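Analysis of the macromolecular model
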Amino acid sequence: MEIQQSKTSLFDYLNNSSDADAALQSVVDAQKNNISAGLSDVQSNLANGNIDDALERLKSGENGINLQTLDNMLSFNMRGVAEDLTNTAKNLGLTFDVKLTQEEGAWVVSSEHEPEHKGLAQLQQYLDRNPRLQSKLDDVNSLSEFYELGQSQEYAKQLQDADVHEDDVVTYLTQSREYLFSLDSFYLSDAGLSIASRGESEGLFEQVKNSLGIGTSEI
């Protein structure tokens, strides 16, 4: 199913059907079971490290999931996590930038600004006592990296259309994959919570275009 960008995410409709307009609701009602199953399939593949299988299913549309659906899923899942951590950090007096990094299966809090601030240790304790929140961070992080890798594959098609040599396209995809899946971090600030990998595929695409001397008119 082709999901169009809208102010309200798909998941608002799936979970708050009373707020949906009748036309969209009829579409959602017909498709939501398939979409939910497809999203579960993506999450299962990512959790098991089956990235290539997940990408193949994404490209083929076999499970009814596309990049727009993943984008909506990210926005929906990110909302609650961001609100939780932003409010907690504020209550702990963390008015400076904080980094959350995945280390050995757990999320670790740090900051270059005030590394000894007692609020950092308290935020770490909050995370350690909240496995559900840690799991949500895992899911959002994995989905973001997977989404960006999917975007990189779309950009690779543009490179192929511009007659870029196959070896260069493969190098671009390989390096993008390694970089995106190495980030594994979030940034918490006054502006809220952000994912380190979010939007990185676009930057990588711009870099490869510059390195190959490809202009906008050629893409």
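For the structure itself, look to the data block above.
Let me sum up the structure you'll find in this document. Think of each chain on its own: its residues are numbered from 1, step by step along the sequence as written. Residue-level local features of this predicted model are given only where pLDDT is at least 70; pairs of side-chain atoms are given and counted only at 80 or more, and the full residue set underlies all totals for whole chains, interfaces and linings. Water and hydrogen atoms were dropped before computing side-chain values, which therefore reflect all heavy atoms in the structure.

Describing the overall build of the protein
Of the regular secondary structure elements, the protein holds 8 helices and 4 strands. The numbering of helices and of strands both runs from the N terminus, where a helix is a DSSP run of H or I of at least 4 residues and a strand a run of E of at least 2. Tracing the protein from N to C terminus, the helices and strands come up as α-α-α-α-β-β-α-α-α-β-β-α. Burial statistics for the protein: of 219 residues in total, 42% are counted as buried. Residue contacts follow a heavy-atom distance rule, with two residues in contact if any of their heavy atoms lie within 4.5 Å. Considering only contacts within the protein whose residues lie at least 6 apart along the sequence, 69% involve residues at least 24 apart. Each accessible area is a Shrake-Rupley estimate made with a 1.4 Å probe; only the visible protein chains count as cover when residues are assessed. Looking at the protein as shown, the accessible area adds up to about 12100 Å², and 43% of this sits on carbon and sulfur atoms. Think of it in three bands: residues with accessible area under 20% of the maximum for their type are buried, residues over 50% are exposed, and the middle band is partly exposed, with areas taken using a 1.4 Å probe on protein chains only.

Describing the pattern of salt bridges
For this analysis, a salt bridge means a side-chain nitrogen from Lys or Arg found within 4 Å of a carboxyl oxygen belonging to Asp or Glu. Here the structure, examined in full by the defined rule, presents 3 salt bridges. The partner of Asp71 in a salt bridge is Arg198, with the nearest N and O atoms 2.4 Å apart. Taken as a pair, Asp71 in helix H4 (residues 67-91) and Arg198 in the loop between strand S4 (192-195) and helix H8 (200-212) lie far apart in primary sequence, 127 residues in all. Its relative accessible area of 15% is what places Asp71 among the buried residues. In this structure, Lys157 engages Glu154 in a salt bridge whose closest nitrogen and oxygen atoms are separated by 3.2 Å. On the criterion of helical spacing, the pair formed by Lys157 and Glu154 is a turn pair, its members being 3 residues apart in helix H6 (residues 131-161).

Brief notes about the environment of Ser75
Inspection of the secondary structure assignment puts Ser75 in helix H4. For the pair Ser75 and Ser144, spaced 69 residues apart in the sequence, the C-alpha separation amounts to 9.9 Å.

Section: the pairing of strand S2 (residues 106-110)
Burial along S2 is one-sided: the face carrying Trp107 and Val109 is buried and the face carrying Ala106, Val108 and Ser110 is not. Note that strand S1 (residues 98-103) and S2 share 5 bridges and pair antiparallel. Paired with Lys99 across the bridge in S2 is Ser110. In this description, strands pair whenever DSSP reports at least two bridges between them. In this structure, the hairpin formed by S1 and S2 is closed by a connection of 2 residues, where Glu104 is found at a positive phi of approximately 50°.

Here's the deal with the side chain of Ser144
Summarising the element assignment, Ser144 is placed in helix H6. Counted as a polar contact is a pair of N or O atoms within 3.5 Å, where, for protein atoms, one must be capable of donating a hydrogen and the other of accepting one, and residues adjacent in sequence contribute only when both atoms are in side chains. Of the polar contacts made by the side chain of Ser144, one reaches the side chain of Ser197; its length is 2.7 Å. The contact partners of Ser144, leaving out residues within four places of it in the chain, are Leu74, Ile195, Ser197 and Arg198.

Here's the deal with helix H7 (residues 166-183)
Take the number of residues in a helix, subtract one, and multiply by 1.5 Å to get its expected span. Its 18 residues give H7 an end-to-end C-alpha distance of 26 Å, which sits within 8% of 26 Å, the value for a rise of 1.5 Å per residue. Buried within H7 are the following residues: Val169, Tyr172, Ser176, Leu180 and Leu183. The buried residues of H7 occupy an angular sector of 65° when the element is viewed end-on, so they sit on one face. Away from the buried face of H7 by more than 90 degrees, exposed residues Glu166, Asp167, Gln175 and Glu178 are located. Check the buried side of H7 and you find it contacts H6, strand S3 (185-189) and H8. One or two steps after H7, the chain reaches Asp184, where phi turns positive at roughly 45°. As used here, the arc is the angular range of directions from the helix axis to the C-beta atoms.

Quick word on the sheet that holds S2
If you trace the 4 strands from one edge of the open sheet to the other, you get S2-S1-S3-S4, paired in antiparallel fashion. With partners counted over all chains shown, the strands left at the sheet margins are S2 and S4, one partner each. Averaged over neighbouring strand pairs, the angle between their axes works out to 25° when direction is ignored. Relative to S3, S1 is paired through 4 bridges, and the arrangement is antiparallel. When the bridges of S3 are listed, Val98 appears paired with Leu188. Inter-axis angles, ranging from 0 to 180 degrees, are taken between N-to-C directions of lines fitted to C-alpha atoms, where helices are fitted over the stretch in contact. Its contacts with the sheet place H6 against S1, S2, S3 and S4, and it is angled at close to 90° to S2.

A short note on helix H3 (residues 51-60)
Along H3, the residues classified as buried are Ile51, Ala54, Leu55 and Leu58. Across the axial projection of H3, the buried residues extend over an arc of 100°, all falling on one side.

Some points on the nonpolar core
Definition of nonpolar core: a set of buried residues of the types Ala, Val, Leu, Ile, Met, Phe, Trp, Tyr and Cys, connected through side-chain atoms within 4.5 Å. Grouped together as the largest cluster of nonpolar side chains are 47 residues, with contacts concentrated most on Leu70, Leu85, Val98, Leu100, Phe146 and Phe186. Ranked by the residues each element gives to this core, the list is headed by H6, at 10 residues. Ignoring sequence-local partners within four residues, the contact set of Val98 consists of Val109, Ser110, Ser111, Leu120, Leu123, Phe186, Tyr187 and Leu188.

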